[in-house]
Each structure stands twice: as C-alpha cells, then as structure tokens.
Amino acid sequence: MREFETIAAISTSLGESGVSIIKISGEEAKAIVARIFVQKNGRSFLEAKPWYMNYGHIINPATGEHVDEVLVSYFQGPKSFTAEDVVEINCHGGRVATESVLNQVFLAGARPAEPGEFTKRAFLNGRIDLSQAEAVIDIIQSKTELAMKSAMEQSEGRLSREIADIRSRLLHVLAYIEVTVDFPEEDLEFTTGQEVSEKLGALMDHVKSLLSSAEEGKIIREGLNLAIIGKPNVGKSSLLNALLMENRAIVTDIPGTTRDIIEEYLNIEGIPVKITDTAGIRETQDVVEKIGVDRSKGKIQEADLIVFVLDRSRPLEKEDYDIIEYIGNRKSITLLNKTDLEDKLELEKLPLGEVIAVSALNGYGIGELKKRIKDLFFHGSLEIRDVLVTNRRHKEALMRALEKMQDAKNAVDAGISLDLAAIDISAAWNYFGEITGDTLSEDLVDKIFSDFCIGK
Ligand SMILES: Nc1nc2c(c(=O)[nH]1)N(C=O)[C@@H](CNc1ccc(C(=O)N[C@@H](CCC(=O)O)C(=O)O)cc1)CN2
Ligand SMILES: Nc1nc2c(ncn2[C@@H]2O[C@H](COP(=O)(O)OP(=O)(O)OP(=O)(O)O)[C@@H](O)[C@H]2O)c(=O)[nH]1
Ligand SMILES: [Mg+2]
C-alpha cells in the first residue's frame, strides 16, 4: 500500500550549504540504504546500531564509483520522527551533491515523499496528534521568537492535553445523562438537568477563554498586516525605511515615486508585522501609476491596520479627504509626518481620532508609533501565559463546539429532554476531536499536510 511505502526526500533547503540531510522512512529504509552505502569499517549497514552515526560513501552500485562522502544514522521505529524505521544521510550541501545522493536512494527503491508526508506518518502512526503536527510546520514558518515559542508548546502537546481534558469531561456529562435516561425518575431527571447545565456552563467558560486568545494568537502566528496609505509625497516610503532602519524603498521629492507594492517584515516586540508601502493615492493619467493606485486601494481592504500618513507641512487637500473616505471605518492610525517642518495643516478640519506626530526624516515619534501598533492588538504583556489558539482551523472548531454546547445548555435549562441535549453534546465532542484529528475526515487531514514543505 502506498501509505506504507518507503519514502525519501531532502529535509534541508536546497542551495549552497555546509551539509544536507536526506531522510528516508519506512520498512525498507535500512535495506535500501545498505545497497548504496559503503562504510569505512567494512561492515554492512544492515548491522548498523540504531541512534549512532556511521561514516562512509554513497556509491553508484552499478559502477561502484563514489557519489559522495557521508555520515548516516539509523533510527529504529517506533523511536523515530515518523515512528517507522528512519535513515538519515548527511551528505555535502549544494544542489548537485544532494540530488545525486537522493537519486541513488530512489534508484535503490524509495519513492519521493509528498509534502508533509514524514509528519503525516508521525500522525498516522500515533506519535503525535494533528494539532502537534500542525505546530511542526508553524515552528519552521515562525517569524519571531514568540511565534516559535508558542508553536513549540503546541508541538509538545499543550493544546492537545487541553482538548483531551475537555473531551473527557464532555464524555462524563454524556454518561451521566445516559444513566438518568435509562432509569427515568422525575426527581433524578431534574437534579441531573441542573448538574449538566452547571458542568456545561463551566466548560463553556473554559472554551471561551481559549477563544479569547485567538485574536492575539492569529497575529503571533500569521503576523499583522499593516498598510501605509496616503497621497503622493507625504513620506510613506520614508516611513517604511524609518521603521526598518534601512533604505529599502526609493525616496524622492517627486510625487508618484512608488509605483508598486513593497512588503517587508518587522519584528515589533515579538509581533511579526508585515509592512506594505503603497503608491500614493491620487487621480492620475499615467497608466503605470494608475495600476499602483488601484493596488494601494486593494491593500486598504486587506490590511489589519492602516497607517494613514499626512504631510504636516502642507494644507489638507481633496486627495486627503478622498483617502479618509476610502479608509472608512477600518482600523487605522493617522500620522502627521514631517513635524520637523513648519506646521501648515489645520487638523481640526479632520474627522479623525487619535493622531501621532512623527518625522520619518529624523525618526521622531517612530518609537511611539510602534508602541501604539502593539497596544492596539495586544492588551497586557505579550507572553505565552495559558494555551494560545493560533490556528484558524482550531478557532473555527472551538466556535462550532461552543455553539453546540450552548444549544445543549439551552435545551436542558428549558427542561427539554436530556436526550436532545446529549445529541448536541456529542456533536461538540466531535468538533473538539477535529482539532486533534481524532474525528477529522481523511480528505481534510490530507489537505492540511499538503500545505507542508517537502522533506518535513
Ligand atoms: N537530523 C534531524 N534533526 C532534526 C529533526 C530530524 O528529523 N532529523 N527534527 C525534525 O523535525 C527535529 C527534531 N524532532 C524530532 C522529533 C522526534 C524524534 C524522535 O525520534 N522521537 C521518538 C524517539 C525519541 C527518543 O529517542 O526517545 C519518539 O518521540 O518516540 C526525532 C526528532 C529537529 N532536528
Ligand atoms: N522634512 C521632511 N521631509 C520628509 C519627511 N518624510 C519624508 N520627507 C521627504 O518627502 C519626500 C517624499 O518622501 P517619500 O517617502 O518618497 O514619499 P511617499 O509618500 O512615499 O511618496 P510616493 O511614493 O510618491 O507616494 C522626500 O523628499 C522625503 O525626503 C520628514 O519627516 N520630514
Ligand atoms: Mg513612496
């Protein structure tokens, strides 16, 4: 069966590097490598001790020629990453050396691994659950230490344990209902109803507190999308450069300098912020600039936060008012840039909330801007206190589960039969199971792993 065939892939990134790792997993892993690996000590790799490194050469068995000099380790299942037999070949880095070795591994009998297939096997073989598997990819994709820390905790099973606990409590409630339904007495049914309602209420509070971490969690994992918007020449690109502390974007005194979208990541106290510098928005006949302006308007819709830039050294213009209209009621911060110049802007005329005075030229106010960005999304200190829900899929499952628990509680409180509540409770139990993968369909599981990279 394809599911248990022996698979191989490069686990390191392809490019010039000191060393590459080729990972092989499956029943045949050791036998396949034994065909192409000649050890210095003359022993067959079939006799290799698990969890040791072995020195030798990968050869082309047809010609006997050396393909590369390598170190090879063998992890005996189930004590391995996939819980199957795993062999790792450490060969020289670089595209040619690595692919030549991988090619011999394929010729010797392994098939190419699909994206995420190693981690998928760790899941299918029961070493980790789905939320732990998802955390493995989050670790790789982390853009800040905080994101990584949160992903590590999830990979170690922190969320899984939480979910398992909630599920077992729900089962307990179900069992309790079952007893009452099987031995129906008026009194018993009443006291059971009260207890069930109380237990559900307490569990729902717990789920709500998990959900309340989801907004912050999403930003920690996916980053905050920030768009710098304004009419031409107000200093948007200068602001990007000031935030990054490097000359990333072209700055000139000619309005309409930036034509295309420029995106860069910035770490603001642990929050990965994707900053987008956009073309100044104005009516224009220039075909290229027009496309840029349309893109800028698109960014207004996509952003989590808009930084609206005004030039304090010029009076307000129709263009400024038009942009304010585009921004509408989206989350935004207004900057009065060029505070180092003479003030010619009549702020009272603006229908805006809080504004921050800055100078992209000399850096004044940039620190305050960063602080505001952080405060807008994070209340209190940014640490991983309790379990953090960082994944949209988990959040949605929690929301559905909560809905079902609410339905169950409503039914019990209204004195409707406990049987009906039991149906909702088991539906909630199923939704929680989607997070750990216990009750998720094979198709959806496959889809999750297909987003991983090859070799993971
Ligand atoms: N060379 C190498 N380095 C790597 C990885 C890898 O697969 N290969 N990893 C890939 O992500 C990470 C480490 N993750 C790992 C997770 C579990 C097991 C493992 O063998 N677990 C078994 C046995 C543990 C034990 O020896 O007691 C288990 O949990 O049962 C190995 C690596 C980072 N570094
Ligand atoms: N005095 C002063 N000049 C600034 C400041 N910020 C930007 N400028 C100048 O304003 C001009 C325009 O700056 P840019 O950053 O290119 O403006 P922009 O908003 O990106 O312009 P477009 O890309 O054309 O939309 C440049 O000459 C900058 O040096 C500031 O805080 N003070
Ligand atoms: Mg610009």
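Quantities reported herein were computed from a predicted structural model and do not represent experimental measurements.

Read from one edge of the open sheet, 7 strands run 3-4-5-6-2-1-7, paired in mixed fashion. On the outer flanks of this sheet lie strand 3 (37–39) and strand 7 (111–112), each paired with one strand and no other. Across 7 bridges, the pairing between strand 4 (residues 53–59) and strand 5 (residues 66–75) is antiparallel. Looking across to strand 5, one finds that Y55 is bridged to L71. Here helix 1 (residues 29–36) sits on the sheet in contact with strand 2 (19–25), strand 3, strand 4, strand 5 and strand 6 (86–92), set at roughly 35° to strand 6.

The next point concerns the sheet that holds strand 8 (residues 224–229). As summarised here, the arrangement of the 6 strands in space is 9-10-8-11-12-13, forming an open sheet in which the pairing is mixed. Both outer strands of the open sheet, strand 9 (262–268) and strand 13 (355–357), are each paired with one neighbouring strand and no more. The sheet shows a mean angle of 25° between the axes of neighbouring strands, direction not considered. Two elements, strand 11 (residues 305–311) and strand 12 (residues 332–337), share 6 bridges in a ladder whose sense is parallel. In the strand pairing of strand 12, V307 is matched with I333. Each of strand 8, strand 11 and strand 12 is contacted by helix 11 (residues 318–327), which is oriented at about 170° to strand 11, the strand it contacts most.

Glancing now at the nonpolar core. Of all hydrophobic cores here, the largest spans 104 residues; its most connected members are I24, V33 and V105. If one sorts the elements of this core by residue count, helix 14 (residues 418–436) sits on top with 9 residues.

Calculation notes
- Residues numbered from 1 in each chain as written.
- Chains lettered and ligands numbered in written order.
- Predicted model: local features only at pLDDT ≥ 70, side-chain atom pairs only at ≥ 80, totals over all residues.
- Pairing = 2+ DSSP bridges.
- Helix = DSSP H or I, 4+ residues; strand = E, 2+ residues; numbered from the N terminus.
- Contact = placed C-beta atoms within 7 Å.
- Axes fitted to C-alpha atoms, helices over the stretch in contact; angles between N-to-C directions.
- Core = buried A, V, L, I, M, F, W, Y, C linked by C-beta atoms within 7 Å.
- Buried ≥ 20, exposed ≤ 12 C-beta atoms within 10 Å, placed from the backbone.

Structural measurements only, silent on function.
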